[in-house]
Amino acid sequence: MIAIVDYDAGNIKSVTNALERLGVEYKLTADPDVIRRADKVILPGVGNASAAMESLRAKGLEALIRSLRQPVLGICVGMQLMCRSSEEGGVKCMDIFDCDVRRFVPEPGVKVPHMGWNALGNLGSKLFRDIADASCVYFVHSFYAGLCQDTIATCRHGSTLFSAALKYENFYGTQFHPEKSGAVGERILMNFIGL
Amino acid sequence: MVTKRIIPCLDVKGGLVVKGINFEGLREVGDAVGMGVRYSEEGADELVYLDISASKEERSTFTELVERIALGINIPFTVGGGISSLEDAARLLDRGADKISVNSAAIARPQLISDIADRYGSQFVVCAIDAKCIDGVWRVTTHGGSRLTERELFSWAREAQERGAGEILFTSMDHDGTRPDTPANNTRRSRRC
């Protein structure tokens, strides 16, 4: 069973819908016991990182998530919360991935938020099994995680090369939305589920 | 760099996709969810569903439809048609829409764009603009193209962007459903402003 962490972090229906389509058993929950016992855990997140982190702490879930030993996947803001800190609201995050989250610096002709389909590069994890280099996935974000030793996929927006995905031990994170990335995204979700 | 996107735009009436030419002569062409799934399998990057229903009954059908679309397709989609308040937008977000598009109501009350963008972010707000060229001036129309306004296309596109619209969905009424010669000039000008 997959536990999707329910912590009032924006619209997470797209994640539950994706698991429905894939025919995977899941539970949307904030119950520590259910999360601890789940085979896999997904930490979704849409919106403001600072508010999301506050909400995660208010529910007493920060220490629990850091202590998990099964595969955990953070999506979008969920991934950002697993970094050291975020410039969005100047918030200290869970410090799982070895990098900080920054705002895209405006450049001529480069739109922020970075929104739409963009190509993945430097794929290096079982999460991307059977995914071709330069496959496109769907992004919506104004803040990004820099490159670090935990980077397992990169993407470029303007002159910024950033982490499209991160991994440290059993923790995975994607800046893009696999649940909105068509067949490629479904493959990535199934790879996570199959870990 | 972000890739160019192919975004089929489907007009929906009473749960069915309809097709017209220059906004008239509508005929039904298929089931909204089924067509969305087919487009996504054929490589569409996103979808836009516009509710062109006239009656209240048909509108409630559309809200239920949004929920089925969200469950059925694996790419982002925008929904629009008759959205005139923050509550309308919130309801569609709850049903699983990735973005909403506003049109007539935003012309009547531009603050609507700011309200939705402030609450849910610019990435959630698309401003749809239907315009037609009259004596060399591109003028904005509302209510499915039936009412001509005094607003000029490019100044309205700029205001919409300043108020927080993340994208502009431009339709040339003079070219709708006719295939060739969509005025790319306008798209380029809109992007610059």
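Just so we're clear, the structure is a prediction, and the values are computed from it rather than from any experiment. (Residues numbered from 1 in each chain as written. Chains lettered and ligands numbered in written order. Predicted model: local features only at pLDDT ≥ 70, side-chain atom pairs only at ≥ 80, totals over all residues.)

## A closer look at the pairing of strand 6 (residues 99-102) of chain B
Residue and element names in this part refer to chain B. The side-chain alternation of strand 6 yields two buried faces, one formed by Lys99 and Ser101 and the other by Ile100 and Val102. In this sheet, strand 6 lies alongside strand 5 (residues 77-80) in parallel orientation, the contact comprising three bridges. Bridge pairing in strand 6 places threonine 78 opposite lysine 99. For the handedness criterion, the β-α-β arrangement of strand 5, helix 3 (residues 86-94) and strand 6 is classed as right-handed. Relative to strand 7 (residues 125-134), strand 6 is paired through three bridges, and the arrangement is parallel. Each bridged residue has a counterpart across the sheet, and for valine 102 the counterpart in strand 7 is cysteine 127. (Buried ≥ 20, exposed ≤ 12 C-beta atoms within 10 Å, placed from the backbone. Helix = DSSP H or I, 4+ residues; strand = E, 2+ residues; numbered from the N terminus. Pairing = 2+ DSSP bridges. Right-handed = clockwise from strand over helix to strand, strands pointing away.)

## Quick word on the pairing of strand 1 (residues 9-13) of chain B
Residues and elements named next belong to chain B. With four of five residues buried, strand 1 lies mostly within the body of the structure. When strand 1 meets strand 4 (residues 47-51), the two strands line up parallel, connected through four bridges. Residue cysteine 9 lies in a different strand from strand 4, and its bridge partner there is valine 48. Where strand 1 meets strand 2 (residues 16-21), three bridges bridge the pair, whose relative direction is antiparallel. If you follow lysine 13 over to strand 2, its bridge partner there is leucine 16. Remark: two residues form the turn of the hairpin made by strand 1 and strand 2, two consecutive strands paired antiparallel; glycine 14 in that turn has positive phi of roughly 55 degrees.

## Comments concerning the interface of chain A and chain B
Think of interface size as the accessible area that goes away when the parts come together; that is how it is often given. Listed per partner, the contact involves 21 residues of chain A and 17 residues of chain B. The set of elements that each furnish at least two residues to the side of chain A that touches chain B consists of helix 1 (13-22), strand 8 (114-119), strand 9 (136-141) and helix 6 (182-193) of chain A. A total of six residues in the side of chain A that touches chain B trace back to one element, the largest contributor, which is helix 1 of chain A. Class assignment of the residues belonging to the side of chain A that touches chain B gives a composition of seven nonpolar, eight polar and six charged. (Contact = placed C-beta atoms within 7 Å. Nonpolar A, V, L, I, M, F, W, Y, C, P; charged D, E, K, R; others polar.)

## A word on the sheet that holds strand 11 (residues 151-157) of chain A
All names here are of chain A. What the seven strands build is an open sheet, ordered 2-1-3-4-13-12-11; its pairing is mixed. For this open sheet the edge positions go to strand 2 (26-29) and strand 11, each flanked by a neighbour on one side alone. Ignoring strand direction, the axes of neighbouring strands in this sheet form an average angle of 20 degrees. In the sheet, strand 12 (residues 160-168) pairs with strand 13 (residues 171-174) via four bridges, with the strands oriented antiparallel. Its bridge partner being in strand 13, tyrosine 168 is matched across the sheet by phenylalanine 171. (Axes fitted to C-alpha atoms, helices over the stretch in contact; angles between N-to-C directions.)

## Topic: the nonpolar core
Residues and elements named next belong to chain A. Counting 61 residues, the largest nonpolar core has Val5, Val41, Ile42, Leu81, Met82, Val137 and Ala145 as its most contacted members. For this core, the element with the highest residue contribution is strand 9, accounting for five residues. In this structure alanine 145 touches Gln80, Cys83, Phe97, Cys99, Val101, Phe162, Ser163, Leu166 and Gln175, once residues within four positions along its chain are discounted. (Core = buried A, V, L, I, M, F, W, Y, C linked by C-beta atoms within 7 Å.)

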